[in-house]
Amino acid sequence: MVMISKVVPDKIRRCVMCLLLLITVSAVAEDGKLTGRVIGTVETVDYSTFNKSTTVNTREMAFDGNLNTYFASWERSYTWTGLDLGSPHVITKVGWSPRNDVHGEARVVLGVFEGANREDFMDALPLYIIKERGTIGVISYSTVNCSAGFRYVRYIGPSDARCNIAEIEFYGHLGEGDNSNLYQLTNLPTVSIHTLNGVIPFDKKNDIEAQISIIADGEESLLAAAGTIRERGNYSRTFPKKPYRIKFDKKKQVLDAPAKAKKWTLINNYGDKTLMRNLLAFELSRRMGMPYTPYGRAVDVMLNGEYKGCYQLCDQVEVHKNRVNITEMTPQDLSGSALTGGYFFEIDAYADQEQKWFWSNQGNPVTIKSPDEDSIANVQFNYIRNHFNKLESQWRTYLDLNTFLRHFLVGELSGNTDTYWSVFMYKKRDDDIVYTGPVWDFDLAFDNDNRTYPVNSKTDFIYRSGGSSAGNMRTFVDRIVINDSQAKAQLVELWDEARQNGLNKESLTLYVDSLEAELQQSQELNFMRWPVMLDWVHQNPHIWGSYEQEVQNVRRFISQRVEWMDKRLNYTFVPSSIADVRIDLHQPYQVFTVSGRYCGKSLHGHPHGVYIVRQGNITHKVTL
């Protein structure tokens, strides 16, 4: 690297830098066209007979210099052709030309170039993705922005294209390179997954051996590690854009996630054309003060070199010190204190599809998530089933109202019709209280459900106005937020806490704006891959016609929903006039909620929130 001293005048430094840039560009331009042993998919299609072949339209024809010949594979997806260069080369340019037929120009869109140093491409990294139609009879070129060196290079055709490529060219120079500058598909992190022998995940039981690479941080950070992949989810698995669970062989801290863990999820967001509803709901969860909000980050996903779309990389919701922070039980925890926890479970409309689940006495289906189905002992199963039944009949004794009501407010503020279709809950060791959370599954929220649209036109909470619920959860929730005066008062206090801490339509609209800007490049690619913008998908209530209008629908909903919640809770927002000051904890004081309910003589042990502290003749507002 050439270093330029800071003492050199700026004008001279700029001239030197321009000269160095010209030299670099010239060097790239002079990189030669590379040759090597042709590798790739062997079985082809003979279009004259529509039979399988190995001698017609072969992979070699993509490198014969003839724009009138082409490579066409027998299989429709995950097929490719490329070169074994014999030794690592840094690729600086790629070229391509589509097959000369009526579909040729479109067939190259979302075609991907990759480089690897293993012949099976398990360690492959992306070099370039084609975002525009090709031109028949012409080779299109693009500069490659990747500093790593690769022995094996290839072109993978987009889904359902049979490759159908007339010519492929690679340019570069001999060298091992480095990972200082890697290629991302968009401004979002790129998650590239390659499976052993190219096996595609086919269910949520069988883990497929994989190598997982995540490129982020301005193309300067690479996490590459061995692991597995499988499908995940319930209804979301029925979509053509599949959701996945990835599991590293060893714990990894992914991107800026708090947890270092093995298991992570890739949420497909197929029915959510904004690609942001879950991320927005997680922001509501944080603002509502939920003890744990799952980590989520929008990413671009590739599987075996094929672009799969914009996903949400998210925590696997599980027992973990930075996730659901409870004691993880062992099969030996069979009595005494050990038997009391921790338990992680889900009120789950799909419980009957799981191995370890039960119907509660009041008709609610419950799946036990931890201990898991492979390790839970009968005495543990019976313990948590009996404890849940006690919770239902004596909720004032066994339910943590703080987390239950905060979870409720997130569901209602987002207009989530699925809030009580799936509810996570947990119980700690040596603690009889059952806590609610985290929040999860918001693809139908923010006015995206034709069964309840428009949500803000309703006069009652969404869970009582067409929202889905597992078992008899609607009745259970009614007992708390409708029929219990103390719970209703606490609900208003929690809402006031959030409003006093800046929850308003202006701040939420700005957050939607920031997500829209962040997702702009990726959504363009996503809807090339999944052209559903003008289709009715899942429970879509309306065809808005563009990404911008889809986001505007969310923006419109959230800006109106805060006022709707104020009205439904019979709440009037009055900014606090009490100054934030320090109190002397060594002197006597009294603690009250913002609505005036007495909470004792100590701040210790109270849930997170805003409190009023009276010390002598002075009143203070404090935030825990």
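Each chain has its residues counted from 1, running along the sequence as written. Where local features are concerned, this predicted model is filtered to residues with pLDDT of at least 70; where side-chain atom pairs are given and counted, the filter is 80 or more; whole-chain, interface and lining totals use all residues. Values reported for side chains reflect all heavy atoms of the structure, with hydrogen atoms and water molecules removed beforehand.

*Asks:* Give a description of the sheet that holds strand β18 (residues 343-348) that names residues and reports values.
*Replies:* Where strands meet in a sheet, backbone hydrogen bonds hold them as pairs that are either parallel or antiparallel. Pairing is antiparallel across the open sheet formed by five strands, whose spatial order is β19-β20-β18-β21-β22. In the strand order of this sheet, the two ends are held by β19 (357-359) and β22 (434-436), each with one partner. Averaged over all neighbouring strand pairs, the angle between strand axes comes to 30°, with direction disregarded. Pairing between strands requires that DSSP locate at least two bridges from one strand to the other. Secondary structure elements follow DSSP: runs of H or I no shorter than four residues count as helices, runs of E no shorter than two count as strands, and numbering proceeds from the N terminus. Bridging between β18 and strand β21 (residues 422-427) involves six bridges; their strand directions are antiparallel. Of the residues in β21, the one forming a bridge with Y343 is K427. For helices, the axis comes from a line fit to the C-alpha atoms of the stretch in contact; other axes are also lines fit to C-alpha atoms, and the angle between any two N-to-C directions lies between 0 and 180 degrees.

*Asks:* I'd love a proper account of the packing of helix α7 (residues 401-413) against helix α11 (residues 547-568), names of residues and values included.
*Replies:* Relative to each other, α7 and α11 sit at 130°, their axes nearing to 10 Å. When the axis of α7 is compared with that of α11, the two are oblique. Between α7 and α11, the residues in contact are L409, E412 and L413 and F557, I558, R561, V562 and M565, respectively. Throughout this entry, Asp, Glu, Lys and Arg are counted as charged residues, while Ala, Val, Leu, Ile, Met, Phe, Trp, Tyr, Cys and Pro are counted as nonpolar. The remaining residues, Gly among them, count as polar. Here the contact of α7 with α11 is composed, by residue class, of six nonpolar, no polar and two charged. Orientation categories follow fixed angle ranges, with anything under 35 degrees roughly parallel, anything over 145 roughly antiparallel, 65 to 115 roughly perpendicular, and all other angles oblique. Should any heavy atoms of two residues lie within 4.5 Å, those residues are counted as being in contact.

*Asks:* I'd like a description of the nonpolar core, backed by residues and values.
*Replies:* The tendency in soluble globular proteins is for nonpolar side chains to be buried side by side. Grouped together as the largest cluster of nonpolar side chains are 92 residues, with contacts concentrated most on F408, L409, M425, F446, I480 and W495. Per element, the largest residue contribution to this core is eight residues, and it comes from α11. Excluding its chain neighbours within four sequence positions, the residues that come into contact with W495 are M288, L409, L413, L503, V562, M565, D566, L569 and Y571. Residue types Ala, Val, Leu, Ile, Met, Phe, Trp, Tyr and Cys, when buried and joined through side-chain atoms within 4.5 Å, form a set referred to as a nonpolar core. Type-normalised accessible area, obtained with a 1.4 Å probe on protein chains alone, sets the label of each residue: buried when under 20%, exposed when over 50%, and partly exposed for intermediate values.

*Asks:* Outline the sheet that holds strand β17 (residues 306-315), supporting the account with residue identities and numerical values.
*Replies:* Pairing in this closed barrel of seven strands is mixed, and the strands run β11-β12-β13-β14-β15-β17-β16 around the ring. The sheet shows a mean angle of 35° between the axes of neighbouring strands, taken without regard to direction. Sheet topology note: the strand β13 (residues 221-231)/strand β14 (residues 244-253) ladder contains five bridges and is antiparallel. The residue bridging E231 from the neighbouring strand is Y244, located in β14. Most of the contacts of helix α10 (residues 505-529) go to β17, to which it runs at about 130°, and overall it touches β16 (296-303) and β17.

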